[in-house]
Structures are given as C-alpha cells and as structure tokens.
Amino acid sequence: MTDEELLDAFPGVRIDADNAAWHRGLLERRLLVNRCDDCSRWHHPPRPLCPACWSRSITPTEVAGDGFVALVTALRQGAPQPGVDYGDGGHALVAVELDEQPGLRLAGTVVGTPAGEIQVGDRVRALWRDIPGRLPRADFEIVAASTGAGRVGRGEGATR
Amino acid sequence: MSTRRNPAMDQVAIVGLGRSPYARDRQGCTPGSLVSEACVNAIRDAGLGPADIDGICGSMVSAQWVQAALGIPGVAWFANPQAVIGNQITSAVAAVSSGMADTVLVYHHAYRLPWASRSAAKDPMRKRATLGVADARSWWGTGHNDTGPNSLYGAPAYAAWAGRYLHDYGYTRETLGLIAINSRTNAARNPNAVYTEPLTMEAYLDGRMVRDPLSVYDMDIPIDGADAFVITTTERARDLPRPPVLIHAATLGHTDYGSEEQLRDLEHAGQMVVVDRLWAKSDLTLADVDVLYPYEGFSNIALSWIENVGYCGRGEGGAFVADHWVEAEQRIMIHGRIPVNSHGGSLSEGGTQGAGHLHEACLQLRGDAGPRQVDGAAVALVTPGGYYFNSQGILLRGDS
C-alpha cells in the first residue's frame, strides 16, 4: 500500500512517518504497537524513540488484543458517528490494559455488554467489525467478568 | 523554610484585576471583545495606562492582537502559552523576575463553541469561530490522532478516571455531589456567578448523566467571559493603588504519561509533581492557607487536589470532604474556617479553566470579595488544572 492509499483510507487523520505503521495495521486488522528492539519495552501512542531507553530502533509489533478494563465510562451524548448509540445507558468507552505490559493501554468501545454493566477489571479481547462510514479500528468484548478483588493494575507504568 | 531555589518568592505581584462578565447567553461577543474588555478593566484597576505595559502573556488570543487592539505602544516580551492560567502566570513571573519585562498583562478567555451549548449552536457566527484553526492536539504533536467517541481524548477521560477513583476508593456519586453542592452554595454569594440557585443532593443525583459517573452538575459551565491580570514587581506594586497580591510560589507539573488513557494512575499524576515542587519552593505551609481553590472543572479533580495538597491521604478526599461538610451551610469549611472555591468555581460561577479561581483568590487577599469575604484572608492556594498536562499550583499572599 502506498502512502497515498494509506492517507486516503484515513481521511482527516494526521498520519505521519511516526504513526503510519499503527494505521497500516488497523487496515489489516492487526494491532501493531511500537516495541523497542533494545530494551523490549512497549509504548503507545507511537513515538519516534523508546521513552524508556531512547533507542530509535523500534519495531511495530503485533499484540494479541487481550487485557482488562482499566477505565470505563459511558457517553450519553456526542456527535453522531456510525456504530455509536448514545441512548439507553450510553456508548461504552474503555481503556484496555494489554497483557503485554502493565500500563500499556488502548482506548475503544465494548461490544455485547451494556455500558452500565462493564466493570474495572473485566477481562476483554479485541474484535474487528466492519461499520460502514467508520474509520478502521479495533473494538473489545468481555470474556470474563471482574472478580472484584481489590484494586486493579495500579502502580506500574507503561515505560518505567 | 523552602528547600528549593525560588528567587522570585514574593518579588512579583498581581496589581490589577479585570473581567469580562461570565454569561451563558451572551450574543455578539468574540474572543477579542471578551479579552479586550477584561484587559482594559485590569489595566485601569491597576491605575495604569497602555504605555505602562511592556509584556503580554495570554492564552488563545494572540499577544499581537491584544497589543494592537489596546494600542500598547511598546512591548519588550510576549508569549502565548496554551491554557490553563498557571501557564500564563508562571511565564509572566519568569519574565518580570528576570527583567525581560516590568509590567505584564495576562489574560484568558472562554468562548462557547457551537458544540458546547444549545444556545451557542444557534449563533451562526460561532460556527466560523474555529475556521482555519488546526485541531489543537494534532497541532501540538502529542501523538493523539484519535478524537472520536471511541477515544479517551479530553473530557471523556476525566469521566473515566472519576469512575476509577470511585471504584478504587469505594465511594459513590454522593461524594462527587458534595463538590458540586459546595460550589453552588458559594456561588449564591457571588453576583457574577451564572448559577446561584441552591442545589440539593436529591437534585444532584437526578442530574442528567453526560459521561458516567459525571452528570451535568459535575462539569464546568460553558460561558463567554474573560479574566485579565496585571503583574509587576512587588517594589513597583507598592506604589500602585490596589493592595498587592504577592506570588509566593508558583509551579507547573507534568508527568511523562502525557496521554489520558496512559496515565499510570491517580497516584502518579501531574498533581504530585506540582505539590512536591510548590511546597519545596515555599516558606508557607498548608496550615497558613486561609482560602482554597482546587480546580473543579470536573468534580473529581477537586477531591484529588484536596488530597494531594496535603489535607489527607490519597483516596481519603471523599471522606475528608464529608468530615468537613457543614450541613447547616451546605458547604465545605475545612477545620471550620477555610472555604473551598468561595466564588462558586467552574461548576457554578462559570468555566474558565482556573482563571476565575485565581481572580477570586486575589479578591479575597485584597479584601474585595464583598459578601463572601473571608475575614483576615492572608494566604490563598490555587491549584488549576487536572491530571495530565495542566496541573498547576499558585501560592499567593497579601502584602502584610
């Protein structure tokens, strides 16, 4: 795919050399997250260097899309968007903390569970949907409810 | 005593306050009309004229525009840091204390854009207010490309972290409600506040949910309005008509987790950087504070600030507010004497990203707060901003 084709696939998005691989991955239904070749740490959103060790040897590397809900809210209003329903409890919006590294998170929505029933700590996995008029992105679905035990995922950062 | 270098301590003062009144339904205004009104009022309040200003530092309206509009003949230093108000204040303090400028005009405005309120959406001219303006986050190059309803850019992240706060520390929405009710109660004594009717907990809990767990009562009120401040050396301030408000210490605070959803947790946020630095630069302590201004553009932020400035431990803010709640007054009075956001804050006076909090702190220290004046207010702590890239602390004192 040429750069022009990539840009055409994401109209209105500021795609550049630092984040192109992430967006190319979305078109292939792959989550390509930047990983450092020298210290193995992951980071997101994509930067031109590793925030942990300053290496510029970075490889966009596929993550499984498995993790847990670290943050959750429900949007009850907003601009109309394909695939988004703000009514009836709201549109679920979560930050998913990926299994690959503590604190490494992706934002997205959750499919198949009412927003009001989503809990911090719920186990999720990525899924891909074709929604006409929407830019390519991953969504999530719950695979196991939170056990409710204690506080989840605190104290460990993405790059330290 | 301070443990960190602070050569500007008490050497720079706020000598003029100006405002373009906050309003929810103002027609025919522009960012320029709001800012220029506030600036003219502030310069007049300071007993100065345009030729006395040699530095300009504002947020979105450019310094060049303000200089030309006000006919300020010569400016030796200017800057336009992004909001919120601590960015302008710390820059101005640096300019004055270093000698880059002697007297700096500081300003910030709020202007309702079409998506912020129904009445703003009906104003056809507002639809062109952002014509030619780049998407801010994209322009800053922070890597945030994702601004739709499936992203945690901006306001939705505050709701998500509010939910995480309630989850982690075992609170309910009633805890957030105390912050909203406190602001509304205090606003009743502020003729410049846009919402002054009392708010009950029952009404709060019935409020229209916008982004769970935050309802309309938990989010700052969109308004048109502006604030301006004139800042100069304390030495010069003492020759001017108003009681000087000395800037004792001021700081910004960021962490390296610059994206909302990547913030490590609420115990490793910009607020911690602010508080560590602010107290280290100060000869004052929390026990000296008479009036407190924790930003509450989203109600949960104020709970975090109350914890982090040192009134209680992390996660104990909700319990602390309940313990210091005066039922008969329907507001917080810390230790029975320290009001919190005495003007009504962003939740009831109107949302100006902390500029209104700073304005009120200065009024209190000057003794100009009218029916809400706190007797003998000598030290004010203002903490604008939230968690990520805008946490700030400003410690002010009267010139006694």
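Our subject is the structure listed above.
Numbering of residues starts from 1 in each chain and follows the order in which that chain's sequence is written. Just so you know, chain letters begin at A and ligand numbers begin at 1, following the order they were written in. pLDDT decides what is reported in this predicted model: residues at 70 or higher carry local features, side-chain atom pairs at 80 or more are listed and counted, and totals for whole chains, interfaces and linings draw on all residues regardless.

Chemist: Where do I start with the overall build of chain A in this structure?
Modeler: Helix numbering and strand numbering both begin at the N terminus, where a helix is a DSSP run of H or I of at least 4 residues and a strand a DSSP run of E of at least 2. What chain A contains, in helices and strands, is 2 helices and 8 strands. Traced from its N-terminal end to its C-terminal end, chain A shows the element sequence α-α-β-β-β-β-β-β-β-β. Note that the radius of gyration is over C-alpha atoms, with the globule rule given as 2.2 Å times the number of residues to the power 0.38. Taken over the C-alpha trace, chain A has a radius of gyration of 16 Å; the compact-globule value for 160 residues is 15 Å, and the two agree within 12%. Projected onto its principal axes, the C-alpha positions of chain A cover 45 × 40 × 20 Å. Once C-beta atoms are placed from the backbone, each residue is buried if 20 or more other C-beta atoms lie within 10 Å of its own, exposed if 12 or fewer, and partly exposed for counts between those two. Counting all 160 residues of chain A, 35% fall into the buried class. Our contact criterion uses C-beta atoms placed from the backbone: two residues qualify when those atoms are within 7 Å. Contacts in chain A between residues far apart in sequence, at least 24 positions, make up 55% of those at least 6 positions apart.

Chemist: Whenever I open this one, the sheet that holds strand E11 (residues 331–334) of chain B confuses me. Can you help?
Modeler: As a general point, the strands of a sheet are linked pairwise by backbone hydrogen bonds and lie either parallel or antiparallel. Residue and element names in this part refer to chain B. In this analysis, strands are considered paired if DSSP registers two or more bridges between them. Strand order in the open sheet made by the 3 strands is E10-E11-E12, with antiparallel pairing throughout. A strand with exactly one partner marks an edge of an open sheet, and here the two such strands are strand E10 (325–326) and strand E12 (338–339). In terms of strand pairing, E11 meets E12 through 2 bridges, oriented antiparallel. The residue of E12 that forms the bridge with methionine 333 is proline 339. Helix axes use the C-alpha atoms of the stretch in contact, all axes being lines fitted to C-alpha atoms, and the angles between their N-to-C directions lie in the range 0 to 180 degrees. Across the sheet, helix H7 (residues 173–187) is in contact with E10, E11 and E12; its angle to E11 comes to roughly 90°.

Chemist: So what exactly am I meant to see when it comes to the nonpolar core here?
Modeler: As a rule of thumb, nonpolar side chains are buried together in soluble globular proteins. If you look at the biggest cluster of nonpolar residues, it comprises 145 residues, and the most contacted ones within it are Val94(A), Ala42(B), Val104(B), Leu105(B), Val106(B), Ala380(B) and Leu396(B). Contact partners of Val94(A), with chain neighbours within four places excluded, come to Val69(A), Leu71(A), Val72(A), Gly108(A), Val110(A), Ile118(A) and Phe140(A). One nonpolar core equals one set of buried Ala, Val, Leu, Ile, Met, Phe, Trp, Tyr and Cys residues connected by C-beta atoms within 7 Å.

Chemist: Teacher, can you tell me more about the sheet that holds strand E2 (residues 42–43) of chain A here?
Modeler: Residues and elements named next belong to chain A. One open sheet holds the 3 strands; their spatial order is E2-E1-E3, and the pairing between them is antiparallel. Pairing within the sheet leaves two strands with one partner each, and these edge strands are E2 and strand E3 (58–63). Across 2 bridges, the pairing between strand E1 (residues 31–36) and E2 is antiparallel. Within E2, the position partnered with arginine 35 by the bridge is tryptophan 42. Running at roughly 150° to E1, helix H2 (residues 20–27) makes contact with E1 and E3 of the sheet.

Chemist: Please explain the environment of Val94(A) as it appears in this structure.
Modeler: All names here are of chain A. Mapped onto the elements of the fold, valine 94 is located in strand E5 (residues 91–98). Residue valine 94 is classed as buried on the basis of its C-beta count, with 31 C-beta atoms lying within 10 Å. As for valine 94 and glutamine 119, which are separated by 25 residues in sequence, their C-alpha atoms are 9.8 Å apart.

Chemist: I'm lost on the interface of chain B and chain A in this one. Help?
Modeler: Chain B puts 30 residues into the contact, and the matching count from chain A is 33 residues. If you list the elements that add at least two residues to the side of chain B that touches chain A, you get helix H6 (155–169) and strand E5 (209–211) of chain B. Ranked by residue count, the leading element in the side of chain B that touches chain A is H6(B), at 8 residues. Taken together, the residues of the side of chain B that touches chain A break down into 9 nonpolar, 12 polar and 9 charged. Throughout, the ten residues Ala, Val, Leu, Ile, Met, Phe, Trp, Tyr, Cys and Pro are labelled nonpolar, Asp, Glu, Lys and Arg are labelled charged, and all others, Gly among them, are labelled polar.

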